[in-house]
Amino acid sequence: MKKLSFVFLLSVFSVQFHAFSQQTLDLEKAVQMGLENNLQIKIGLENVNIRELDKRIGVGNFFMPVIDATYLRSFGTEDVTQTFVNDPENPRQIDGAKSRNKSYSVVGVYGFRPETIVTMKRLGVLTEISELDSKVIVENTVASISTAYYRLILELQRYNVLKETLRLSKARLDIAQAQYELGGAGKRDFLTAQVDYNSDSSLLITQEQVIQNSKVNLNELLAIDPSAEFIPEDSIITIGERLSLETLIENAFVENKLLLVNQRLNNDAYLQIRELQASRLPAINLNSSFTNTVFNSDAGFLIQNERQGINYGGNITLNLFSGLTLNRRIQSAKVNKRIQDYSLEQYEIQLRSDIERAYNIYTKNLQLLKIEEVNYQVAKENSEIALERFRLGISSYLEFRDAQVNLLTAENRLITSIYSIKEQEIELMRLSGKIFFENSYEDFSVNP
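If you check an unreviewed UniProt entry, the protein chain appears there as TolC family protein from Algoriphagus taiwanensis. As its UniProt record puts it under Subcellular location (unreviewed entry), the protein chain is described as follows: "Cell outer membrane".

Q: I would appreciate a short explanation of a positive patch on the surface in the present structure.
A: Taken together, the side chains of Arg73, Lys98, Arg100 and Lys102 define a basic patch exposed on the protein surface. When residues in the positive patch are grouped by element, the largest group, 3 residues, is from strand β3 (residues 87–112). Along the chain, arginine 100 turns up in strand β3.

Q: When you look at the packing of aromatic side chains in this model, what are you seeing that I'm missing?
A: When we look at a pair of aromatic rings, we describe it by the centre distance and by the angle of the planes. Enumeration over the complete set of coordinates arrives at 4 aromatic pairs. Between the aromatic rings of tyrosine 149 and tyrosine 150, the centroid separation amounts to 5.4 Å while the plane-to-plane angle is 85°, which identifies the pairing as edge-to-face. You can call tyrosine 150 buried: its relative accessible area is 3%. Stacked on the ring of tyrosine 150, the Lys or Arg lysine 422 has its end atom at 5.8 Å from the ring centre.

Q: When you look at the sheet that holds strand β2 (residues 66–84) in this model, what are you seeing that I'm missing?
A: The strands making up a sheet associate through backbone hydrogen bonding, with each pair oriented either parallel or antiparallel. Read from one edge to the other, the open sheet built from 4 strands follows the order β2-β3-β5-β6, with strand pairing classed as antiparallel. If you trace the sheet from one side to the other, it starts and ends with β2 and β6 (304–317), each paired once. Neighbouring strand axes in the sheet, compared pairwise and without regard to direction, differ in orientation by 15° on average. Across 17 bridges, the pairing between β2 and β3 is antiparallel. Opposite valine 66, over in β3, you have valine 109 as the bridge partner.

Q: Honestly, helix α2 (residues 39–63) in this entry has me stumped. Any pointers?
A: Every α-helical turn comprises 3.6 residues, leaving residues that sit three or four positions apart pointing alike. When the terminal C-alpha atoms of α2 are compared, their 36 Å separation across 25 residues agrees well with the 36 Å that a helix rising 1.5 Å per residue should span. All buried positions along α2 are accounted for by Ile41, Gly44, Leu45, Val48, Gly58 and Phe62. Contacts made by the buried residues of α2 are with α1 (27–37), β3 and α3 (115–181). Here α2 starts with a cap whose side-chain oxygen sits 2.9 Å from the backbone nitrogen of glutamine 40, and that cap is asparagine 38.

Q: How should I be thinking about unusual backbone geometry in this particular structure?
A: Residues apart from glycine generally show negative phi values, whereas peptide bonds are mostly found in trans. We note that alanine 223 has phi near 60°; this positive angle belongs to a residue other than glycine. Within the secondary structure, alanine 223 is located in the loop between α4 (187–222) and β4 (231–232).

Q: Even after reading the chapter, I still don't get the packing of α3 against helix α8 (residues 397–431), so can you show me in this structure?
A: Think of two packed helices as two axes; the pair is described by the angle between the axes and how far apart they sit. The interhelical angle for the contact between α3 and α8, taken along N-to-C directions, is 170°, at an axis separation of 10 Å. As judged from the angle between their axes, α3 and α8 are roughly antiparallel. Along the lines of polarity and charge, the residues of the contact of α3 with α8 split into 13 nonpolar, 9 polar and 9 charged.

Q: What is the right way to look at a nonpolar patch on the surface in this model?
A: A surface patch of nonpolar side chains, amounting to about 790 Å² of accessible area, comprises Ile67, Tyr71, Tyr104, Val106, Phe290, Ile310 and Tyr312. Secondary structure elements with two or more residues in the nonpolar patch: β2, β3 and β6. Residue classification places tyrosine 104 among the partly exposed positions, given a relative accessible area of 37%.

Q: What am I meant to see in the pairing of strand β5 (residues 283–297) here?
A: Residues in a regular strand point their side chains to alternate faces of the sheet. Bridge analysis of β3 against β5 gives 14 bridges, and the strand direction is antiparallel. Residue asparagine 101 lies in a different strand from β5, and its bridge partner there is phenylalanine 295. Summarising the sheet, β5 and β6 pair through 14 bridges and their orientation is antiparallel. The residue of β6 that forms the bridge with threonine 291 is glycine 309.

Q: Hey, could you run me through the nonpolar core in this one?
A: The nonpolar side chains of a soluble globular protein tend to be buried with one another. If you look at the biggest cluster of nonpolar residues, it comprises 71 residues, and the most contacted ones within it are Leu218, Ile355 and Phe436. At the level of secondary structure, the elements contributing two or more residues to this core comprise α1, α2, α3, α4, α5 (245–255), α7 (325–392) and α8. The leading source of residues in this core is α3, at 17 residues. Those residues in contact with leucine 218 that lie beyond four places of it in its chain are Leu25, Ile145, Ala148, Tyr149, Leu152 and Phe230.

Q: Explanation requested: the environment of arginine 329 in the structure shown.
A: In this fold, arginine 329 is placed in helix α7. Residues arginine 329 and leucine 162, spaced 167 residues apart in sequence, show a C-alpha to C-alpha distance of 67 Å.

Q: Would you take a moment to explain the pattern of salt bridges for this structure?
A: Pairs can form between side chains of opposite charge whenever their charged atoms are close. Taken as a whole and assessed by the stated rule, the structure comprises 16 salt bridges. With a closest N to O distance of 3.0 Å, arginine 122 and glutamate 275 form a salt bridge. With arginine 122 in helix α3 and glutamate 275 in helix α6 (residues 257–278), this pair connects stretches of sequence that are 153 residues apart. Residue arginine 122 shares its accessibility class with glutamate 275, and that shared class is buried.

Q: Sorry if this is basic, but what is going on with the side chain of asparagine 292 here?
A: Looking at where asparagine 292 falls in the secondary structure, it is placed in strand β5. Dropping the residues within four chain positions of it, asparagine 292 is found in contact with Lys102, Ser103, Tyr104, Glu306, Arg307 and Gln308.

Definitions and cut-offs
- Starting from 1, residues in each chain are numbered consecutively following that chain's sequence as written.
- Side-chain atom pairs in this predicted model are given and counted only at pLDDT of 80 or more, local residue features only at pLDDT of at least 70, and totals for whole chains, interfaces and linings cover all residues.
- With hydrogens and water excluded, all non-hydrogen atoms of the structure serve as input to the side-chain values.
- UniProt positions are given in the numbering used here, feature names are shortened, and annotations may be inferred rather than shown by experiment.
- Here a patch means residues that are over 30% exposed by relative accessible area and free of salt bridges, tied together within 9 Å if like-charged and within 5 Å if nonpolar (Val, Leu, Ile, Met, Phe, Trp, Tyr).
- The Shrake-Rupley method, run with a 1.4 Å probe sphere, supplies the accessible areas, and residue values consider only the shown protein chains as cover.
- Basic side-chain nitrogens of Lys or Arg form a salt bridge, by our definition, when they fall within 4 Å of a carboxyl oxygen of Asp or Glu.
- Under the convention used here, Asp and Glu are negative, Lys and Arg are positive, and both His and the chain ends fall outside the count.
- Charge positions come from single atoms, namely NZ of Lys, CZ of Arg, CG of Asp or CD of Glu.
- Comment: elements are numbered from the N terminus, with helices defined as DSSP H or I runs of at least four residues and strands as E runs of at least two.
- Between rings of Phe, Tyr and Trp, where Trp is taken as its six-membered ring, a pair exists when centres lie within 6.5 Å; planes separated by under 30 degrees are stacked, by over 60 edge-to-face, and by other angles tilted.
- Buried residues are those whose accessible area, probed at 1.4 Å on protein chains only, stays under 20% of the maximum for their type, while exposed residues exceed 50% and partly exposed ones sit between those limits.
- Any Lys NZ or Arg CZ found within 6 Å of a ring centre and within 35 degrees of that ring's normal is scored as a charge over the ring.
- Two strands qualify as a pair provided DSSP detects at least 2 bridges between them.
- Only C-alpha atoms enter the line fits that serve as axes; for helices the fit covers just the stretch in contact. Angles between N-to-C directions range over 0 to 180 degrees.
- Here, expected helix span is obtained from the residue count minus one, scaled by 1.5 Å.
- Only heavy atoms enter the contact rule, under which two residues are in contact if any of them lie within 4.5 Å.
- Polar contacts here mean pairs of N or O atoms no more than 3.5 Å apart (in protein, one a potential hydrogen donor and the other a potential acceptor; neighbouring residues in sequence count only if both atoms are side-chain atoms).
- Any angle that falls under 35 degrees is termed roughly parallel, while one over 145 is termed roughly antiparallel, one within 65 to 115 roughly perpendicular, and all others oblique.
- Any residue that is not Ala, Val, Leu, Ile, Met, Phe, Trp, Tyr, Cys, Pro, Asp, Glu, Lys or Arg is counted as polar, Gly included; the first ten are nonpolar and the last four charged.
- Working definition of a nonpolar core: buried Ala, Val, Leu, Ile, Met, Phe, Trp, Tyr and Cys residues. They are joined through side-chain atoms within 4.5 Å.

Encoded structure:
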């Protein structure tokens, strides 16, 4: 399996995974598994096979002669009355006269219509469209698997954040309990710490549920048992080198598979016009046959009649009038061509807009990441100071809890920002047609 073309580099947090099983799964293995198991991809590849067979059938229908072999054997028993000119008064009566007929023939017909050349070109274009459609499914599958894989890592990172928050809540609860038992603080502070600890425990359990559902979502994309357990091999979400908008747009207008599909559909609409126009040209038909016929009869002047030989010939057919049907079909094909022109232009605008939107989100999140990194460091330091002050009894539980909540918020915003950047990286690579295939002509197959 080839390497994915997008690379993932930097992250701020490492994830200490909550071990569900000993089996590990990295992104490349996940993508390979998904491509091998995904039923939509298999359907797409079968559609390509059908189009390839259509091309071969077209070659046989349009450019190869049709040869038919016929063998005939017949028998007859008849009562015959024969009247001769030279003796009309004495007819000849033959009861149960037998006759036998035996013949075989080999007939070859070859017909050439000018529009068949254009038809074969259309079949080739339709095959290309089918291949591109299957690659669209592949790229969408790779993007979905990659997004789901990093979504799982994000949820595991959030789990670690909540776990750290719970650890701080436990430390605060222990301090509040000790102060209460020693008479240094009221019961209210102790109960408040207990409530906050229980609340953080609830959030941690809820996050475990989110993680499990994220695994189910990924398993669904991999087409495996939803209950299958694994540990993501990657412990961090990393960010690649900064993407260039100009390069993305340039690649998209060359490699985006949906754009190429629209271009092929436009070409197919043009070929439909050419095909109909070519049907006005004369068609040529050539035929040849070899025949051997033997006829035996008990009645008549000939007891046996045998004929054999080769016949050949040809004709030219030209349609002179068909009720203006052909003209209307050509007009309809031209309308369809204009529709395809508009559709292609519309998709080009949509593609550029999608890239612009995704790139704007991408660049803004890169800017936010720098702010969130600084904010996290400040919140972390503030939380450590607040814990120490609370331990020494020189700050209230509200001050400590506020610092704790600020740290939780800062960590969540930071890892979410990293994930958002990664999500847009994946989308931009998909739109530019570079998420899996090196180029649009690269073959793809799934081993059975």
